[in-house]
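Residue strings, one per chain:
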Amino acid sequence: MYVATVPNRASPPAILLRESYRQAGKVKSRTLANLSHWPEQKIDALRAVLRGQSVAKVDQAFSITRSLPHGHVAAVLGMLRKLGLDKMIAPRRSKRRDQVLAMIVARIIDPLSKLATARGLDDQTRSSSLAETLALEDVDEHDLYAAMDWLIERQAKIEDQLAARHLSEGTLVLYDLSSSYYEGSTCPLIAFGHDRDGKKGKRQIVWGLMCDSRGCPVAVQVFKGNTSDPKTLKSQMDKLRVRFALQRVILVGDRGMITAARIEQDLKPAGIADWITALRAPSIRQLISSGAIQMSLFDQR
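Residues numbered from 1 in each chain as written. Predicted model: local features only at pLDDT ≥ 70, side-chain atom pairs only at ≥ 80, totals over all residues. Heavy atoms only, no water.

Caption draft 1: Geometry of unusual backbone geometry. The phi angle at Ala24 is positive, at roughly 55°, despite the residue not being glycine. Structurally, the position occupied by Ala24 is in the loop between strand E2 (11-23) and strand E3 (26-34). Of note in this structure, Ala245 is not a glycine but carries a positive phi near 55°. The residue Ala245 is located in the loop between helix H10 (233-243) and strand E7 (250-252) in this model. (Helix = DSSP H or I, 4+ residues; strand = E, 2+ residues; numbered from the N terminus.)

Have a look at this one:
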C-alpha cells in the first residue's frame, strides 16, 4: 500500500490510499480510501508507517487513550447469537436481555462474582469491550441481580424451547444432581445434606440438570439442600410428560437415583417404561451366583 497524490485541476490534489496488484501478468493499482480530508501531519505519519520508517513522528500524530480486549467477546457473543440463545431468552432486545447476555458471556470468558462482573462492565474499570458491544451503561451488581430475577420468570419458556429443539420421542434423557455449599442464612432452600463439596458444616442447595443424549443442558431445577437424589425424579417425570409432551423417553441416571422403589413409585406410574442405570453390589452378586454373568469375560481389561 502507498499514499498517492493525484492532481485535481484547479482544486486541491486528491490524497488516495492505494495498493498494487498483478492481474494477467500486468501490474495494476486500486484505490482503498480517499484521505483528502486528513490533515497533512496525519498523512505524513501514515506515509512513514507504510515506508517502514521510524514511528517517532507517528506517536505525535496518533494518541491511544484506551484499548480493550475484544476478540474473545466477539467470538462468544457471535456464537451465542448464531445459536439463537438471545432470541430464546427474549424475542426483542431490551436492557434486561442485554444484561443477561453480558452475564453469560462474562461467565464463559472470565467467571467471577456478580460484583466483580459488574466492575468488569463499568466504564471506569472495564476489562473488555463487552459492555460497549452491548451498549450497557452504569451497570452495577444490583442491576445484574435484578436481571436474574427477570430471567427466572422466563425459565419455563426457555426450557420449553430447548426441549423442542433437543428432545424427541424415544430419545435418551440424561439426568443427574449436584450441590453447592451456601454462605448466608436467608435462602429458604438451604439445608444440611449430602456433602459433595468437601465443605463440612455448611448448609447447601441441590440442583438437578436434565440433558439430551449429547449432554446439552435442557432444564435445571433447584431443590432444598437435604433432598435425596431419588426424591427429585417425580418432578422430572412430570416435566417430561406434561410440559415437554414426550410420551416415550429413556431415562439415564446413576444407581443412587433410579432405585427399585423409585421405578415402582415414580417411573412406572409416569409412563416411563425404559431406563438405564447401574446395578448395586447385592444385585451383581446375585447374578454371579446364579451363573448369569460369565466371569471369564472380565479376566482381561
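Next comes the rest of the account.
Caption draft 2: Inspection of the layout of surface pockets at higher detail. For the largest pocket, the calculated volume is near 1,900 Å³. Contributing to the lining of the largest pocket are 44 residues, with Ile104, Met148, Leu151, Ile152 and Val220 lying nearest its centre. Residue classes in the lining of the largest pocket are distributed as 31 nonpolar, 5 polar and 8 charged. In this model, the second largest pocket occupies a volume close to 180 Å³. As for the second largest pocket, its lining consists of His72, Ala106, Ile109, Asp110, Leu112, Ala116, Thr117, Gly120, Leu121, Ser127, Ser128 and Leu130. Only helix H5 (95-109) and helix H6 (114-121) provide two or more residues apiece to the lining of the second largest pocket. For the lining of the second largest pocket, the leading source of residues is H6, giving 4 residues. When grouped by side-chain class, the residues that make up the lining of the second largest pocket number 6 nonpolar, 5 polar and 1 charged. (1 Å grid on protein atoms, 1.4 Å probe; cavity = no way out; pocket = protein on both sides within 12 Å on 5 of 7 lines; lining within 4 Å. Points joined across faces, edges and corners; volume = space filled by probe spheres on them. Nonpolar A, V, L, I, M, F, W, Y, C, P; charged D, E, K, R; others polar.)

Caption draft 3: Expanded view of the sheet that holds E2. With antiparallel pairing, 3 strands are arranged side by side in an open sheet as E1-E2-E3. Each edge of the open sheet is held by one strand with a lone partner, namely strand E1 (2-8) and E3. Mean inter-strand twist for the sheet, computed between neighbouring axes without regard to direction, equals 45°. Two strands pair when backbone bridges link them, and E1 and E2 are joined in this way by 6 bridges, in the antiparallel orientation. Bridge pairing links Asn8 to Ser11 in E2. Packing of helix H1 (residues 40-50) onto the sheet brings it into contact with E1 and E2, and relative to E1 it is tilted by some 135°. (Pairing = 2+ DSSP bridges. Axes fitted to C-alpha atoms, helices over the stretch in contact; angles between N-to-C directions. Contact = heavy atoms within 4.5 Å.)

Caption draft 4: Just a nonpolar patch on the surface, in detail. A contiguous nonpolar surface patch, about 640 Å² in accessible area, is contributed by Leu279, Ile284, Leu287, Ile288, Met295, Leu297 and Phe298. Within the secondary structure layout, Leu279 lies in the loop between strand E8 (274-276) and helix H12 (281-289). (Patch = residues over 30% accessible without salt bridge, like charges linked within 9 Å, V, L, I, M, F, W, Y side chains within 5 Å. Areas by Shrake-Rupley, 256 points an atom, 1.4 Å probe, with all protein chains shown as cover. Salt bridge = Lys/Arg side-chain N within 4 Å of Asp/Glu carboxyl O.)

Caption draft 5: Expanded view of the packing of H5 against helix H8 (residues 141-152). Relative to each other, H5 and H8 sit at 105°, their axes nearing to 9 Å. On the basis of their axis angle, the class for H5 and H8 is roughly perpendicular. For the pair formed by H5 and H8, the contact residues are Arg96, Arg97, Gln99, Val100 and Met103 on the first element and Asp143, Leu144, Ala146, Ala147, Met148, Trp150 and Leu151 on the second. (Parallel < 35°, antiparallel > 145°, perpendicular 65-115°, else oblique.)

Caption draft 6: Quick look at the sheet that holds strand E6 (residues 217-224). Reading across from one edge, E6-E5-E4-E7-E8 is the order of the 5 strands in this open sheet, with mixed pairing throughout. This sheet does not close on itself; its edge strands, each paired only once, are E6 and E8. Looking at each pair of strands side by side, their axes are set apart by 25° on average, direction ignored.

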